[in-house]
Amino acid sequence: MNIEFFDVNVWFGNLKDDIKKISVSLKRISEKLDELNIKKAIVYHISQRDVHPEFGNEILIKEIADKEKFYGIITLLPFQTDEIKKIDFKDLKNKKIVGFNFFPKKHNYILDKITFGDFLSELEYKNFPVFFDLLSGFSVDYRDVYSILNNFPKLTCILCNLGIWNTNRFTWPLIEKCPNVYLESSLLSLQEGGIEETVKKYGAERIVFGSGFPERYFEASILQLVHAEINEKDKEKIAHKNIERIIKRIKYE
Amino acid sequence: MNKLWKEFLKKGKLEDCPVIDIHCHMGLFYGSHMPYTDPDTMAKRMELAGVKLIVFCHNYALLYPEEGNKYNIEAVRKYPEKFKAYCGINPNYPEVVEKDLSTFDKFRDVYVGLKLLPDYHKIPLSDKKYKPVFEFADKNKLIVLTHTWGRSIYDGADEVEKILKKYKNLILILGHSIHGDWEKAIEFVKKYENVCLELCAILDERGIIEKFVYEIGSDRILFGTDFPWFNHHYYIGALLGSGISEEDCRKILYLNANKILKIFE
């Protein structure tokens, strides 16, 4: 079976600090996607996190504009400081933006109802996805996610980079209570039985394929999913159909 | 792209490229839900990726040694073709360690060596409590798999080197390759003949295996996953995606481990 993939967890740009030295262009990513039958990818530019969201969002929007296979996630800050442009949802559609991410631990603010309450309510209504990174230490931890979903239980929320150890004790209660929570697959695939048992318990609809590239290998999560002990229809849902459905549900108007 | 990638992608496992996983566990663990921890399920899951042999230490043997090593013995005797074990050593229980070492020879069909977990047991490798363990291993030329982690006061590079300087006959496998302290891991392979690096918690990060192979070649690198923590296909995919050669992949996946274990023809 030749499964096609839609990767929801990729970044590009240059990351050079004391530990990591990664430099990857969208062109290079595009070549890898072609090689591995990954038809589309949702990406952000690492400077959205490491320089400033406004700086990085502009690069992202410009870079993906003429590249059909890429969609983007823009990074938000509290609107009160006027550092980022006002969100115009109709315009986001033209720019192929399909989600927001947040790095409150890096950008020094509290991601909660006080800071983002009205906006998160709007996202909840519009089925507009937010992408949370649970691994980097720059975004959120599970306690933050629980707090946000307590207040906005229908928020469309894609949990990325779930954690290195098995995270079922954190994620399964969320899936059970919050109908629009989805798990990005890269580190779920790393966990022995992670994909299989989540599918068995909650259905394949709750998982979306991701690689974590360039910090992890595309090939790792592809090989695991292709040979997972789940049926072929479920593999296709995870590989690309679920995220396509999530994007179609967005109300840009 | 490594041609093994295409074949693994198509078939999931390869007859001519079996896998030996040198760093595994078994059984439940307090800090993590692992769905497939019993010997029967593990033996079945190994077949998916063509894993011919795992060398494991049951979590109970490491955390509750009075009872624990019997689970190692039972599992290996049930699946002698698929499982070999490390005798779990917890130096917080010196009387159990003494007993396990004194009866080690009775279980030569079960054990290939010893497993140490200093970061969890909170005792540095060079502590006197480990002395009889290393002396025993060195005298008997055993494999010792130890958890290692960069900057740890228990099993970081400084502690590892104290052992390597002193014991030349045992084979020391650095579980997780002194995670994060990659330069030291490389230096030790260059400097000491009886040390190997192991890849658990390495292959979920791009760039490290490439660096290892570039600096020291692949002869002293062993495939390990902490299974049933982590998934074999995920780690195999990562290795094959790293861009190292097919020959290097084969050495890492099974040839090097087989050379040390001397189990398969």
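Whatever comes next refers back to the structure up there.
The shown structure was predicted, so the numbers you read here are calculated from the model rather than taken from an experiment. (Residues numbered from 1 in each chain as written. Chains lettered and ligands numbered in written order. Predicted model: local features only at pLDDT ≥ 70, side-chain atom pairs only at ≥ 80, totals over all residues. Heavy atoms only, no water.)

Participant: A description of the packing of aromatic side chains should follow, citing residues and the corresponding values.
Facilitator: Tallied over the entire structure, the rule returns 36 aromatic pairs over all chains. A centroid spacing of 5.5 Å and a plane angle of 65° characterise the contact between A:Phe100 and A:Phe119, whose relative ring orientation is edge-to-face. Residue A:Phe100 is found in strand β5 (residues 97-101), and its partner A:Phe119 is found in helix α6 (residues 113-126); the two are separated by 19 residues along the sequence. With relative accessibility at 0%, the residue A:Phe100 sits in the buried group. In this structure A:Phe119 comes out as buried when scored by relative accessible area, which is 9%. Residues A:Trp165 and B:Trp229 carry aromatic rings whose centres are separated by 5.6 Å and whose planes lie at 45° to one another, so their mutual orientation is tilted. Of this pair, A:Trp165 sits in the loop between β7 (157-160) and α8 (168-177) while B:Trp229 sits in the loop between β8 (221-222) and α11 (232-241), placing the two residues on different chains. Note on A:Trp165: relative accessible area 32%, which makes it partly exposed. B:Trp229 gets classed as buried once you look at its relative accessible area, which sits at 6%. Chaining the aromatic ring pairs together yields one cluster made of A:Phe79, A:Phe89, A:Phe100, A:Phe102, A:Tyr109, A:Phe116, A:Phe119, A:Phe128, A:Phe132 and A:Tyr252. Seen from the ring of A:Phe138, A:Lys106 lies directly overhead, with NZ or CZ sitting 4.6 Å from the centre. Residue placement shows A:Lys251 over the ring face of A:Tyr125; its charged tip is 4.1 Å from the ring centre. (Phe/Tyr/Trp six-rings, centres within 6.5 Å; stacked < 30°, edge-to-face > 60°. Helix = DSSP H or I, 4+ residues; strand = E, 2+ residues; numbered from the N terminus. Buried < 20%, exposed > 50% of the residue type's maximum accessible area, 1.4 Å probe, protein only. Lys NZ or Arg CZ within 6 Å of the ring centre and 35° of its normal.)

Participant: Outline the packing of α8(A) against helix α10 (residues 194-202) of chain A, listing residues and values.
Facilitator: The packing of two helices is summarised by the inter-axis angle and the distance between the axes. Residues and elements named next belong to chain A. Running from N to C, α8 and α10 cross one another at 25°; their axes reach a closest spacing of 11 Å. With respect to their mutual orientation, α8 and α10 come out roughly parallel. Between α8 and α10 the crossing geometry is right-handed. Residue-level contacts link Asn168, Trp172, Ile175 and Glu176 of α8 to Glu197, Thr198, Lys201 and Tyr202 of α10. Class assignment for the residues of the contact of α8 with α10 results in three nonpolar, two polar and three charged. (Axes fitted to C-alpha atoms, helices over the stretch in contact; angles between N-to-C directions. Parallel < 35°, antiparallel > 145°, perpendicular 65-115°, else oblique. Left-handed = near helix turned anticlockwise from the far one by under 90°. Contact = heavy atoms within 4.5 Å. Nonpolar A, V, L, I, M, F, W, Y, C, P; charged D, E, K, R; others polar.)

Participant: So what's going on with the pattern of salt bridges? Residues and values would help.
Facilitator: The full count for this structure, using the stated rule, is 39 salt bridges over all chains. The shortest N-O distance in the salt bridge between A:Glu229 and B:Lys44 comes to 3.9 Å. With A:Glu229 in the loop between α11 (218-226) and α12 (232-248) and B:Lys44 in helix α2 (residues 39-48), the pair connects residues from two separate chains. Using a relative accessible area of 53% as the deciding quantity, one classes B:Lys44 as exposed. Here B:Lys131 ties to B:Glu135 by a salt bridge, and the two come within 3.8 Å at their closest N and O atoms. In this pair, B:Lys131 and B:Glu135 both sit in helix α7 (residues 131-139), four residues apart, roughly one turn of the helix. Residue classification places B:Glu135 among the partly exposed residues on the basis of a relative accessible area of 40%. When salt bridges that share partners are traced, they join A:Glu192, A:Glu196, A:Glu229, B:Lys44 and B:Arg45 into one network. (Salt bridge = Lys/Arg side-chain N within 4 Å of Asp/Glu carboxyl O.)

Participant: Break down the sheet that holds strand β1 (residues 19-26) of chain B for me, with residues and values.
Facilitator: Residue and element names in this part refer to chain B. Pairing within the open sheet is parallel, and its eight strands lie in the order β1-β2-β3-β4-β5-β6-β7-β8. The strands lining the two open edges of the sheet, one partner per strand, are β1 and β8. Summarising the sheet, strand β4 (residues 111-116) and strand β5 (residues 143-149) pair through four bridges and their orientation is parallel. Bridge pairing links leucine 116 to threonine 146 in β5. With respect to the sheet, helix α9 (residues 182-191) is in contact with β6 (171-179) and β7 (195-198), its orientation differing from that of β6 by roughly 160°. On top of the sheet, helix α12 (residues 246-261) reaches β1, β2 (51-58), β4, β5, β6, β7 and β8; it is set at about 80° to β1, its chief contact. (Pairing = 2+ DSSP bridges.)

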